[in-house]
Amino acid sequence: MQKKKLLLIVGVLCMSIFTAKADEGMWPVSMINQQNIKEMQELGCRLTAEQIVSFNLSSVKDAIVQFGGGCTGEIVSPEGLLFTNHHCGYSQVQAHSAPEHDYLKDGFWAYSKKEELPNPGLTVWFLLNVEDVTDAILEGVTANMTEEERDKIVAENKKALTEKASEENENRISIEEFYRGNQYLKFEYVVYKDIRLVGVPPSSIGKFGGDTDNWMWPRQTGDFCIFRVYTAPDGSPAEYAEENIPLKPKHYLPVSIKGVQEDDFAMILGYPGSTDRYAPSKRIESVIHETAPVTVECREVKLAQYRKHMLADRDVFIKYANKHAGVSNYWKNSIGQIKQLQNNKVVEKRQALEKQFSTWAALNNPNMLKYGNVLSDYDKAYAELSKYNRALRYHIEAGLRGSEAISLAQALINANTFIVEKKKEEFEKDLPRYQKRINDFFKDYDAATDRDVTIALLNLFYQNIPADLQPELLQKTGKSNGGDFTKYVDNAFKKSIFVSEAKMKAWLEKPYSLNNDPFMQMAQSMWNSYQALLKKMEPALMDIERCDRLFIAGLQEMQPEKNFYPDANFTMRLTYGSVKPYAPRDAVDYHYVTTLKGVMEKEIPDHHEFDVAPKLKQLYEKQDFGQYADENGKMIVNFLTTNDITGGNSGSPVLDADGNLIGLAFDGNWEAMSGDIAFEPALQRTICVDARYVLFIIDKFANAQNLIQELTIVK
């Protein structure tokens, strides 16, 4: 009787913790089930499952692409026109920019296909098929194996299956892990390589608000840009060539200007990068107290040096615009993550879940044998990792990815080893890769900026990490100079070839040992120390890998009726929700849309974040919004939905109940920066640029009628 009563209590508790809201979850497109469809229909969706995702017939899925290896895009015309976020195309826009044609500042519009700009190296991936290959990947794996033995077998099986699939066709094959290694899926993609820039608004529109407004609501940002996918004349993927033709897609998205209302259905398909929704409380504590604070510390220092040089020189501003955006984005993300993990009491909620897990496991002897030690093993492993977490993160943020010169040297350690060991053939085999790395590096490099960054970060590293966890050369040099690396860095910049494009290219032609180069010495010391730390952490990391797999398997056994979604891993996902406002704190109620009026209210003339283009002001003053105004004559800029997204979803299409494009997802909100670890239904919102604002900018601001005519506009 007591056992039945306890089971009932645990069941009630589990329901309160595990029952997901309808808008929670990033669902793999191959796992969409009847429960998902039922929830979507209850929210207002009028599409069938096959209309959204089909691997045999044309469906919405076929208009969605993985863009540039880190974002999402969508095809919006029968001629391969593609929408994504301004910040997703930022590096391409920067690459085409120069002081004499500053597309970052002024924008760019192609009024004919001949004017579209090629982007070497940029690709988009279309998903063709998904297959469950769990049995093949886990063949030979047994329950009593060590984690090292298991990983070896999984890696061998994955390699063999990938090679076999690649031999059968020319498409890109990728095998990905789900549920922390409890399931594996094989993805087949077709990859297109001729992607041309078609249009981008000036940064005063596409990046309005800059770092200040990043991750914040209310927001008024026209975060979009336009590309076009080209193919060979026969329709197959091909490198850039003048004879290439626009893609003829299987499906493209109509663009709706009907507008959004509160509680309207909203669906997003895209490629979210990474979440950790089943993380144990100890991992969350390490994020709050160890790893995220280091990211903030190091990036604040780096950004201060970037800003100093960028604001003093427009040429440097252009060169470092994309670097600054990347550093700043994760810097502010980390600040918000720390704050909101604490505000939303995520650790406490996860501890409550772990308590229930322990109670459930103890009720059944087989479960106790399988899962009984998971939480205690987590505790031991994270206690061990806590000795090294800050130091490891400093090796990355202030060391290997800190100074650009040190980072370049680290990238060429193997090349230098080939020269030292007289392995000429190995060096020459990788020579094209070295040449590309060096060309890309110096295209956007400023030595004066890097000098100040290098000094600041080496000083910070030396001051904040115990001597026994520092790279040997850093510790030795810091001890001799009293912790001030100015003299060391100045001397290194005089002697090192890693800060000179001419010297680096001469070295490629006649390579010699770089063992005496000061930045190669520092890079090698950093790398050796980093690898030594990982070696010390490896047993604990292996234990955590095992515990993660068991923990989520146990959660699924504990509540078999729950529809579990796997963590994001940059595979195509579907998320669904509604257009909704939110109230983050006492006496604060946020509306679900912002308007062009808000842009004018935030204007700070000549400010790099809040300047407003003169033509945009003229259009506002005349209220010349054309057919894109809402029913009250207002120009809507951004809106909110309850969709569950994360990094990688940038540029994802926001679709209405009929599959029409109503916006582009581009950000999350500050109050839910804990969202990668825990979904907060009352607070978590996706910030979207309204499709009407996108079309208004293309039509009224840019006068790019050629693009408007190409779209299918739903009124």
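Not measured: the values here are computed from a predicted model. (Residues numbered from 1 in each chain as written. Predicted model: local features only at pLDDT ≥ 70, side-chain atom pairs only at ≥ 80, totals over all residues. Heavy atoms only, no water.)

**Here's the deal with the overall build of the protein**
Thinking step 1. Scanning the protein for helices and strands turns up 28 helices and 23 strands.
Thinking step 2. Taking 27 Å as the expected radius of gyration for a compact globule of 715 residues, we find that the protein reaches 26 Å, a close match to that expectation.
Thinking step 3. The principal-axis extent of the C-alpha atoms belonging to the protein is close to 80 × 70 × 60 Å.
Thinking step 4. Put simply, the protein has 715 residues, and 58% of those count as buried.
Thinking step 5. The long-range fraction of contacts in the protein, counting pairs at least 24 apart against all pairs at least 6 apart in sequence, stands at 78%.
Thinking step 6. For the protein, the exposed area adds up to about 30,500 Å²; of that, 50% sits on carbon and sulfur atoms.
Thinking step 7. Positive and negative side-chain charges in the protein, numbering 83 and 99 respectively, have mean positions lying 3 Å apart. (Helix = DSSP H or I, 4+ residues; strand = E, 2+ residues; numbered from the N terminus. Rg over C-alpha atoms; globule rule 2.2 N^0.38 Å. Buried < 20%, exposed > 50% of the residue type's maximum accessible area, 1.4 Å probe, protein only. Contact = heavy atoms within 4.5 Å. Areas by Shrake-Rupley, 256 points an atom, 1.4 Å probe, with all protein chains shown as cover. Lys, Arg positive; Asp, Glu negative; His and termini not counted. Charge placed at Lys NZ, Arg CZ, Asp CG, Glu CD.)

**Digging into unusual backbone geometry**
Thinking step 1. Residue Pro218 follows Trp217 across a cis peptide bond; omega there is 10 degrees.
Thinking step 2. Secondary-structure assignment places Pro218 in the loop between helix H9 (210-213) and strand S11 (225-231).
Thinking step 3. Even without being a glycine, Asn703 presents a positive backbone phi close to 55 degrees.
Thinking step 4. We classify Asn703 as partly exposed; its relative accessible area is 48%.

**Side note on the state of the cysteines**
Thinking step 1. Under the counting rule described, the total for this entry stands at one disulfide.
Thinking step 2. The disulfide bridge from Cys71 ends at Cys88, spanning 2.2 Å between sulfur atoms. The disulfide joining Cys71 to Cys88 has a torsion of about -85 degrees about its S-S bond and is therefore left-handed. One end of the pair, Cys71, is in strand S3 (residues 71-75); the other, Cys88, is in the loop between strand S4 (81-84) and helix H4 (90-96), with 17 residues separating them in the sequence. For the pair Cys71 and Cys88, a shared accessibility class is recorded, and that class is buried.
Thinking step 3. For the unlinked cysteine Cys688, the closest cysteine sulfur is that of Cys88, found at 14 Å.
Thinking step 4. Under the relative-accessibility criterion, Cys688 is labelled buried at 0%. (Disulfide = S-S within 2.5 Å.)

**With respect to the confidence of the model for the protein**
Thinking step 1. With 97% of its residues at a pLDDT of at least 70, the protein reaches an overall mean of 94.
Thinking step 2. When the criterion is pLDDT under 50, residues 1-20 qualifies, and its contacts beyond four places in sequence or with other chains add up to 24 contacts. (pLDDT = per-residue confidence, 0-100.)

**Some words on the environment of Gly80**
Thinking step 1. Here Gly80 lies in the loop between S3 and S4.
Thinking step 2. Classification of Gly80 by relative accessible area gives buried; the value is 0%.
Thinking step 3. For Gly80 and Gly25, which are 55 residues apart along the polypeptide, the C-alpha to C-alpha distance reads 30 Å.
Thinking step 4. Beyond its immediate chain neighbours, meaning those up to four positions away, Gly80 contacts Ile75, Phe227, Arg228, Val229, Leu247 and Pro249.

**Structural notes on the pattern of salt bridges**
Oppositely charged side chains can pair when the atoms bearing their charge come close.
Thinking step 1. Enumeration according to the criterion identifies 47 salt bridges in this entry.
Thinking step 2. Residues Asp452 and Lys308 are paired through a salt bridge, measuring 3.0 Å at the closest nitrogen-oxygen approach. You can see Asp452 sitting in helix H20 (residues 447-464) and its partner Lys308 sitting in helix H10 (residues 281-312), a full 144 residues away along the chain.
Thinking step 3. Classification of Lys308 by relative accessible area gives partly exposed; the value is 46%. (Salt bridge = Lys/Arg side-chain N within 4 Å of Asp/Glu carboxyl O.)

**A short note on the nonpolar core**
Thinking step 1. Judged by nonpolar contacts, the single largest core of 215 residues is most densely connected at Leu269, Phe498, Leu616 and Ile698.
Thinking step 2. Those residues in contact with Phe498, other than ones at most four positions away along the chain, are Ala405, Leu408, Ala409, Leu412, Phe441, Phe442, Met504, Leu514, Asp517, Phe519 and Met520.
Thinking step 3. Among the nonpolar cores identified, the runner-up in size contains six residues, and Val133, Leu161, Ile175 and Tyr184 belong to it. (Core = buried A, V, L, I, M, F, W, Y, C linked by side-chain atoms within 4.5 Å.)

**Some thoughts on the packing of helix H22 (residues 486-495) against helix H24 (residues 518-558)**
Thinking step 1. Look at H22 against H24: their axes get within 8 Å of each other, and the N-to-C directions meet at 120 degrees. Judged on the interaxial angle alone, H24 and H22 are oblique. Judged by residue contacts, Tyr488, Ala492, Phe493 and Lys495 of H22 engage Pro518, Phe519 and Met522 from H24.
Thinking step 2. The residue inventory of the contact of H22 with H24, partitioned by class, reads six nonpolar, no polar and one charged. (Axes fitted to C-alpha atoms, helices over the stretch in contact; angles between N-to-C directions. Parallel < 35°, antiparallel > 145°, perpendicular 65-115°, else oblique. Nonpolar A, V, L, I, M, F, W, Y, C, P; charged D, E, K, R; others polar.)

**Some details on the packing of aromatic side chains**
Thinking step 1. Going through the model one piece at a time under the given rule, you end up with 31 aromatic pairs.
Thinking step 2. Ring centres 6.0 Å apart and planes at 25 degrees place the aromatic pair Tyr693 and Phe696 in the stacked group. Of this pair, Tyr693 and Phe696 are both found in helix H27 (residues 691-701), three residues apart, which corresponds to roughly one turn of the helix. By the burial criterion, Tyr693 is buried, and Phe696 matches it.
Thinking step 3. The ring of Tyr90 is capped by Lys207, whose NZ or CZ atom sits 6.0 Å from the centre of that ring.
Thinking step 4. Of note, Lys562 hangs over the ring of Phe564, and the distance from its end group to the ring centre comes to 5.1 Å. (Phe/Tyr/Trp six-rings, centres within 6.5 Å; stacked < 30°, edge-to-face > 60°. Lys NZ or Arg CZ within 6 Å of the ring centre and 35° of its normal.)

**Here we look at the environment of Phe519**
Thinking step 1. In this fold, Phe519 is placed in helix H24.
Thinking step 2. Judged by relative accessible area, Phe519 falls into the buried class, the value being 0%.
Thinking step 3. Between the C-alpha atoms of Phe519 and His324, which are 195 residues apart in sequence, the distance is 23 Å.
Thinking step 4. Not counting residues up to four positions away in its chain, the partners in contact with Phe519 are Ala405, Ile406, Ala409, Thr454, Ala492, Phe493, Ser496, Phe498 and Val499.

**As for the pairing of strand S15 (residues 573-578)**
Thinking step 1. With six of six residues buried, S15 lies mostly within the body of the structure.
Thinking step 2. Across two bridges, strand S1 (residues 27-28) lies against S15 in antiparallel orientation. Looking at the pairing, Trp27 lines up with Leu574 of S15.
Thinking step 3. Sheet topology note: the strand S14 (residues 265-270)/S15 ladder contains six bridges and is antiparallel. Paired with Met267 across the bridge in S15 is Tyr576. (Pairing = 2+ DSSP bridges.)

**Description of a negative patch on the surface**
Thinking step 1. On the surface, a cluster of negative charge is made up of Glu148, Glu149, Glu177 and Glu545.
Thinking step 2. Inspection of the secondary structure puts Glu149 in helix H7 (residues 147-168). (Patch = residues over 30% accessible without salt bridge, like charges linked within 9 Å, V, L, I, M, F, W, Y side chains within 5 Å.)

**Some details on the environment of Leu341**
Thinking step 1. Position of Leu341 among the secondary structure elements: in helix H11 (residues 314-343).
Thinking step 2. With a relative accessible area of 1%, Leu341 lands in the buried category.
Thinking step 3. Sequence spacing of Leu341 and Glu671 is 330 residues, and the spatial spacing of their C-alpha atoms is 9.6 Å.
Thinking step 4. Setting aside anything within four residues of it in sequence, one finds Leu341 in contact with Ile284, Val287, Ile288, Val346, Val347, Ser674 and Ile677.

**Points about the pairing of S11**
The side chains of a regular strand alternate between both faces of the sheet.
Thinking step 1. Counted residue by residue, S11 has seven buried out of seven residues, so it is predominantly covered.
Thinking step 2. Burial along S11 is two-sided: Cys225, Phe227, Val229 and Thr231 and Ile226, Arg228 and Tyr230, pointing in opposite directions, are all buried.
Thinking step 3. As defined by bridge partners, S4 adjoins S11 across four bridges and the pair is classed as antiparallel. By the bridge assignment for S11, Leu82 is matched with Phe227.
Thinking step 4. The pairing of strand S10 (residues 194-200) with S11 spans five bridges and is classified as antiparallel. Within S11, the position partnered with Arg196 by the bridge is Arg228.
Thinking step 5. The sheet contact formed by S11 and strand S12 (residues 245-246) spans two bridges and is antiparallel. Within S12, the position partnered with Tyr230 by the bridge is Pro246.

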